[in-house]
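Reading the structure
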Amino acid sequence: MNVFDFRSRRALDTHASEVVFEHARAAGLLPPDDGAFEAKLRQAMRVQVPETLLERVLLAQTTAQATRLRFRVNPLWALAASLFLVALGGLFIGRAPPAGSTNLVDLSVEHISTYEVDAPWSKGRIPPGSVRAVFAEFGLALTDQMAPVSYINRCPLGEFRTIHMVLSTADGPVSALYVANAAAAERVTFKRGDYSGSVLQFGHGALVLLAKGEQDLTPLETTLKRAINASAVAYQPSLTSDAFAR
Amino acid sequence: MTEPQFQFEALVRAHGAELYRVAFWLCRQREVAEDLVQETFLRAWRSLKDLREASKVKAWLMIILRREHARLYERKQHEQVDLADFEIEDMNVTAHAEQAEIRELRAAIFSLDAKYREPLAMQVIGGFSVDEIASALGLTPAAVMTQVFRAREKLKASLVGKGVEKSA
């Protein structure tokens, strides 16, 4: 092997680089420190991978799959339904009320119990930076510590866009959904099947908290209100519509 | 678990870490890199049936990753990460001086232009050949060879005087 062979093999076949390096070093074609530099380069580029990354990807895929299956309908039925809705819309145009708290509760319970069944059992902790980044997309600023987040995703909730989080508390996991641009009453508590929770107005949307069994969610509401500055920026659909279109 | 689901999970476990590292050096922001990896795999899942050659899966994922990065994040400005926060995942690097050297090198890679950083990451982390990188980046193999060579030269030059080169 001459110097030209070495240079071309080194560049073209990275998988064989160790062998090539050995030969090259033995043939005196390499400066003595070149292999050490490559080793350091590999170490430097090998940044630490977040522990929760793979679980997060698998969970997101399971959620996306469940949502897709849920909304898969026969195209003819979809067309018929669309025509019906257009006709109905013509009759009631201008009279549609905004989504109320009851509707949000039903949608949230359905979301948690049908599409995101595994979310409350997510292990680990989502890095605060990731949480902050998702919040920022919705015009929310994380300004203080809140309970550890074990799961976070951007989820559709009917016509709304939401941040779906699971917070770890001493009494067990609590699901929190920030529903962008949804109208809600000042504060409503509810009980649906195994779930209890509350809905409150929060910045430019609504916050729904859900837990299994009976839990006093008031302290968590206070913590979230303190930790999240929801009034700073309004939700901008242009920033997030792309994320949901995927 | 269905067969495609099993296949997908194997794909994530086999390539997730590598993809994250390339994504990180592409965008230089941890949270964005995590989002990128997630979006890449979700897109891959939707197109899994189109994957004909299992041997090309890594290159396929890399192309999706680059497209997602261009589509979602390239034009956005992100807060840059503090490299001091990164723990050095190795393994054999225990000496304090050696860790300092790696940090210096990491900072130097961080400040490389994207045109050098990207092929370098694909080569060093992904183990891609020059032809594969050229195909993914839409460049000629000669251009890729020049870029990875220059990237190394720039890194070595930036480290001169900081003690890394000498001790390496």
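The structure reproduced in this document is the subject of the present report.

Rules behind the numbers
Residues numbered from 1 in each chain as written. Chains lettered and ligands numbered in written order. Predicted model: local features only at pLDDT ≥ 70, side-chain atom pairs only at ≥ 80, totals over all residues. Heavy atoms only, no water. Core = buried A, V, L, I, M, F, W, Y, C linked by side-chain atoms within 4.5 Å. Buried < 20%, exposed > 50% of the residue type's maximum accessible area, 1.4 Å probe, protein only. Helix = DSSP H or I, 4+ residues; strand = E, 2+ residues; numbered from the N terminus. Contact = heavy atoms within 4.5 Å. Buried area = accessible area lost by both parts, 1.4 Å probe. Salt bridge = Lys/Arg side-chain N within 4 Å of Asp/Glu carboxyl O. Polar contact = N/O pair within 3.5 Å; in protein donor to acceptor, adjacent residues only side chain to side chain. Axes fitted to C-alpha atoms, helices over the stretch in contact; angles between N-to-C directions. Parallel < 35°, antiparallel > 145°, perpendicular 65-115°, else oblique. Nonpolar A, V, L, I, M, F, W, Y, C, P; charged D, E, K, R; others polar. Arc of directions from axis to C-beta. Pairing = 2+ DSSP bridges. Phe/Tyr/Trp six-rings, centres within 6.5 Å; stacked < 30°, edge-to-face > 60°.

Let us look at the nonpolar core. When a protein is soluble and globular, its nonpolar side chains tend to lie buried together. Leu41(A), Met45(A), Trp25(B), Phe41(B) and Leu155(B) are the most contacted members of the largest nonpolar core, which has 56 residues in total. No other element matches helix α1 (residues 3–27) of chain B, which puts 11 residues into this core. With sequence-adjacent residues up to four places away left out, Trp25(B) is seen in contact with Ala44(A), Met45(A), Val47(A), Arg106(B), Ile109(B), Phe110(B), Arg117(B), Ala121(B) and Ile125(B). Within the second largest apolar cluster, 28 residues are counted, among which are Phe135(A), Leu220(A), Leu224(A) and Ala227(A).

In this section: the interface of chain A and chain B. Contacts between the two partners involve 42 residues from chain A and, on the opposite side, 54 residues from chain B. Summed over both partners, the interface of chain A with chain B comes to about 4600 Å²; 60% of that surface belongs to carbon and sulfur atoms. Ionic pairing is found between Arg154(A) and Asp35(B), a salt bridge with its closest N-O pair at 3.3 Å. Where chain A packs against chain B, one counts 11 residue pairs in polar contact (both at pLDDT 80 or more). Taken together, the elements giving at least two residues each to the side of chain A that touches chain B come down to α1 (3–12), α3 (34–45), α4 (53–70), α7 (128–137) and β2 (149–157) of chain A.

On to the packing of helix α5 (residues 114–124) of chain B against helix α7 (residues 141–159) of chain B. All names here are of chain B. Two numbers describe how α5 lies on α7: the axes approach to 8 Å, and their chain directions differ by 100°. The pairing of α5 with α7 is recorded here as roughly perpendicular in orientation. Note on element contacts: α7 touches α5 through Gln147, Val148, Arg150, Ala151, Arg152, Lys154 and Leu155, opposite Lys115, Tyr116, Pro119, Leu120, Gln123 and Val124. A breakdown of the residues in the contact of α5 with α7 according to their chemical character gives seven nonpolar, two polar and four charged.

With that settled, the discussion passes to the pattern of salt bridges. The tally for this structure, following the rule as stated, stands at 13 salt bridges over all chains. Residues Glu68(B) and Arg43(B) are paired through a salt bridge, measuring 2.8 Å at the closest nitrogen-oxygen approach. Note that Glu68(B) is positioned in helix α3 (residues 57–73) and Arg43(B) in helix α2 (residues 30–46), a separation of 25 residues in sequence. Residues joined in a network through salt bridges with shared partners are Arg56(A), Arg154(A), Glu34(B) and Asp35(B).

Here the focus is helix α6 (residues 130–137) of chain B. All names here are of chain B. Along α6, the residues that are buried comprise Val130, Ile133, Ala134, Ala136 and Leu137. An end-on view of α6 places all buried positions within 165° of arc, on one side of the element. Following α6 by one or two positions, Gly138 adopts a phi angle in the positive range, close to 70°.

Residue and element names in this part refer to chain A. Taken in spatial order, the six strands of this open sheet run β2-β3-β4-β7-β6-β5, and their pairing is antiparallel. Each edge of the sheet is formed by a strand with only one pairing partner; in this case those strands are β2 and β5 (187–192). Between one strand axis and the next, the sheet turns through 20° on average, direction left out of account. Two strands pair when backbone bridges link them, and β5 and strand β6 (residues 195–202) are joined in this way by six bridges, in the antiparallel orientation. In the sheet register, Arg187 faces β6, and the bridge partner there is Leu200.

A full pass over the atoms with the stated rule returns seven aromatic pairs over all chains. Between the aromatic rings of Tyr178(A) and Phe202(A), the centroid separation amounts to 6.1 Å while the plane-to-plane angle is 70°, which identifies the pairing as edge-to-face. With Tyr178(A) in strand β4 (residues 172–180) and Phe202(A) in strand β6, this pair connects stretches of sequence that are 24 residues apart. You'll find Tyr178(A) and Phe202(A) in the same group, each marked buried. A centroid spacing of 5.3 Å and a plane angle of 70° characterise the contact between Phe8(B) and Trp45(B), whose relative ring orientation is edge-to-face.

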